[in-house]
Each structure stands twice: as C-alpha cells, then as structure tokens.
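These are the residues of each chain, in order.
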Amino acid sequence: MALPDLRPALSWILPPLIALLLFAVSVELWVRIGEVSIWIMPRPTSVIENFVSDFGVYFREGMQTMAISLGGLALGSAAATILAAGVAHSQILERAVLPIAIMVKVTPVVAFIPLFIIWLGYGWEPKVAIAALITYFPVLINAIAGFRDVDPRMHDFFRSVDASTWEVFRHLRLPAAVPYLFASLKISVTLSLIGAVVAEFFAAGQGGLGALIWFEQNNLRLDRVFAAVLMLTMIGVTLSTAVVLAERLFSWRLDQPVAAS
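Before going into details, it helps to say that this report is about the structure given with it. Keep in mind it's a predicted model, so treat the numbers as computed, not measured.

A short note on the overall build of the protein
Scanning the protein from terminus to terminus reveals 10 helices and zero strands. Helices and strands in the protein line up, N terminus first, as α-α-α-α-α-α-α-α-α-α. Expected size for 261 residues packed as a compact globule is a radius of gyration near 18 Å; at 23 Å, the protein overshoots this value by more than 25%. Across the 261 residues in the protein, those meeting the buried criterion constitute 36%. Taking contacts inside the protein between residues at least 6 apart in sequence as the whole, the part at least 24 apart equals 74%. When the 17 basic and 18 acidic side-chain charges of the protein are each reduced to a single mean position, those positions are 3 Å apart.

If you want it as structure tokens, here you go:
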C-alpha cells in the first residue's frame, strides 16, 4: 500500500515551526548573553521545563477555560444566528435591533464584567455571558449578509411555486449563509477564548488559565505566566483547526447528491 504524500502538509507546518524555533533560540541567547533578569523575561527553556513538569495543572485549568469559551461561543452564535434570521426577513426588526447591537459592540466588553458578576455571581455564568457577548456581533453581521446573499432568480422561483417562508429559509437562505457563518466562527472562536480569559481575570478565585495568569503575574512568576499562555495558544490553535475541519466536512456533505427516495 502506497504511503500518503505528506509534502503538502509539511509545507504548511514546517515554516511556522522553524520560525518559532528560531525566535525561541534568539530569545534564549538574548536572555543569557544580556543577563536579562527573570523578572523581566524568563528563558524559553525554563518556560518549557515548567510547562512539562506542571502540565497537569495547565491542562486542567485550560480545559476549564476552553469549556467557558465553547459555552460562550455556542450561546453567542446561536443567539446571533436566530436574530440574523429574523432581521433578514424583516426590515422593521433590523431598524429596531441592529442599532442596539452596534451600541453594545462599541462598548468595551470589560465594562460589562462587573455587572455580570453582580447579576450572575462568581461562578461560570458571568464568564460564559462575557464570552457570548464578545462573539455575537461577528456572527450577527456575517449571518445577516449570508441570509440575504441568495440568488434572486432562485428566490423568484421559490415564490412562483408558493414555497413557505420555512422552505425558502431551509433550502435557499440557510445554504447561502453557511460560508458566512463559518467565516464568522473562525473569528469568534478566538474571541470567545479572549472573553473567557478576561472574565477569569475578574473572578480570579474560580480557576481557569486567566486566573492562573493573574495569580502568577502577581507573584512575578513569569515562567509560569508564559507556560499558561503557551497552553492558551495550543487551545486556540486546536479550536481554530476544529472549525476549519468542520467547515470542510459540512461543505462536503452539502456537495453530496441527494438520493432519490
């Protein structure tokens, strides 16, 4: 059996890995030769050693942050998609809701965190709410554009056969919006992670990578701060890759012919 050709994958993976390795080596040499204080910049080797030795801690806190992030992403995306579907069918709803959504978007998200903590407590609820709040706007705008990006001829055809609003939405508007939704998810998946970490800064006693970074920064343990950031980066790359793979799978399924019943 012939082995798969790995050259295309390696052409994408090797360049950034080599660039990161050269950057780490450069920082290591700078810290060692320049005798830079560990309170300013830890050695990359120290960061890696700490990351490996305490991997269980970073993994546990990272899973908590990822759960908050995914919860916020799901909530924010669902709310934005439902609202976008309504806006795409009603100009009155668009005039009523879209200005409010823009007002919320231009307000710094950190301004809502104390309010959410007061209203929802110090548990996971305010963190999920912040992650949802920071992700809803990209999904909303892209979903509205997607639901409206339909072929006018196809829309006229559906109207000519007296298709219901649901049939138009299911067979015309939703397929047109899928690429827009995945494009927004590629942006929102990292935004939800940012929202989760920022919320954990304010509720530092409840765990998560944000709380860990806050605690170690106050103790001037920059090696542990960078190790937590490394775990955060790995989670972000994993979630972004999952969205890309889901887009390819979903697009492949849409392209498959429907079997006759």
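Topic: the packing of aromatic side chains
Applying the stated criterion across every chain, the model contains seven aromatic pairs. Considering the side-chain rings of Phe51 and Phe55, the 5.6 Å spacing of their centres and the 80 degrees angle between planes classify their relative orientation as edge-to-face. You can call Phe55 partly exposed: its relative accessible area is 35%. Following the ring pairs from residue to residue traces out a cluster consisting of Phe51, Phe55, Tyr58 and Phe59.

Regarding the pattern of salt bridges
The final tally for this structure, using the stated rule, is seven salt bridges. For Arg224, the salt bridge goes to Glu216, with nearest N and O atoms at 2.9 Å. In this structure Arg224 comes out as buried when scored by relative accessible area, which is 11%. By relative accessible area, which is 7% here, Glu216 ends up buried.

As for the environment of Ala131
Position of Ala131 among the secondary structure elements: in helix H6 (residues 124-148). Judged by its relative accessible area of 0%, Ala131 is buried. Distance from Ala131 to Leu191, taken between C-alpha atoms, is 7.5 Å for residues 60 residues apart in sequence. If near-sequence neighbours (up to four positions away) are discounted, Ala131 is found in contact with Ile68, Gly72, Ser192, Gly195 and Ala196.

With respect to the packing of helix H3 (residues 55-89) against helix H8 (residues 165-202)
Relative orientation of the contacting elements H3 and H8 amounts to 145 degrees, with a least axis distance of 7 Å. Helix-helix and strand crossings are classified by hand; for H3 and H8 the assignment is right-handed. Where H3 abuts H8, its residues Gln64, Thr65, Ile68, Ser69, Leu73, Ser77, Thr81, Ala85, Ala88 and His89 lie against Thr165, Phe169, Arg173, Leu181, Leu185, Ser188, Val189, Ser192, Leu193, Ala196, Val197 and Glu200. Residue classes in the contact of H3 with H8 are distributed as 11 nonpolar, nine polar and two charged.

Some thoughts on the nonpolar core
Core analysis: the largest hydrophobic core is formed by 22 residues, its most contacted members being Tyr58, Leu209, Ala228, Met231 and Ile235. Broken down by secondary-structure element, the contributors of at least two residues to this core are helix H2 (44-53), H3, H8, helix H9 (209-218) and helix H10 (222-255). Looking at this core element by element, the count peaks at nine residues for H10. Setting aside chain neighbours within four positions, we find Ile235 in contact with Gly62, Met66, Leu193 and Leu209.

Some words on the side chain of Glu200
Inspection of the secondary structure puts Glu200 in helix H8. Lacking a salt bridge, the buried Glu200 has Lys127 as its closest oppositely charged neighbour, with an N-O distance of 4.9 Å. Leave out the neighbours within four places in its chain, and Glu200 touches Gln64, Thr65, Ile68, Lys127, Gly207, Gly208, Leu209, Gly210 and Ala211.

Some points on a nonpolar patch on the surface
Side chains of Ile13, Leu14, Leu17, Ile18, Leu20 and Leu22 sit close together on the surface and give an oily, nonpolar patch of about 580 Å² of accessible area. Take Ile13: it is sitting in helix H1 (residues 7-33).

Each value, and the rule that gives it
Residues numbered from 1 in each chain as written. Predicted model: local features only at pLDDT ≥ 70, side-chain atom pairs only at ≥ 80, totals over all residues. Heavy atoms only, no water. Helix = DSSP H or I, 4+ residues; strand = E, 2+ residues; numbered from the N terminus. Rg over C-alpha atoms; globule rule 2.2 N^0.38 Å. Buried < 20%, exposed > 50% of the residue type's maximum accessible area, 1.4 Å probe, protein only. Contact = heavy atoms within 4.5 Å. Lys, Arg positive; Asp, Glu negative; His and termini not counted. Charge placed at Lys NZ, Arg CZ, Asp CG, Glu CD. Phe/Tyr/Trp six-rings, centres within 6.5 Å; stacked < 30°, edge-to-face > 60°. Salt bridge = Lys/Arg side-chain N within 4 Å of Asp/Glu carboxyl O. Axes fitted to C-alpha atoms, helices over the stretch in contact; angles between N-to-C directions. Left-handed = near helix turned anticlockwise from the far one by under 90°. Nonpolar A, V, L, I, M, F, W, Y, C, P; charged D, E, K, R; others polar. Core = buried A, V, L, I, M, F, W, Y, C linked by side-chain atoms within 4.5 Å. Patch = residues over 30% accessible without salt bridge, like charges linked within 9 Å, V, L, I, M, F, W, Y side chains within 5 Å. Areas by Shrake-Rupley, 256 points an atom, 1.4 Å probe, with all protein chains shown as cover.

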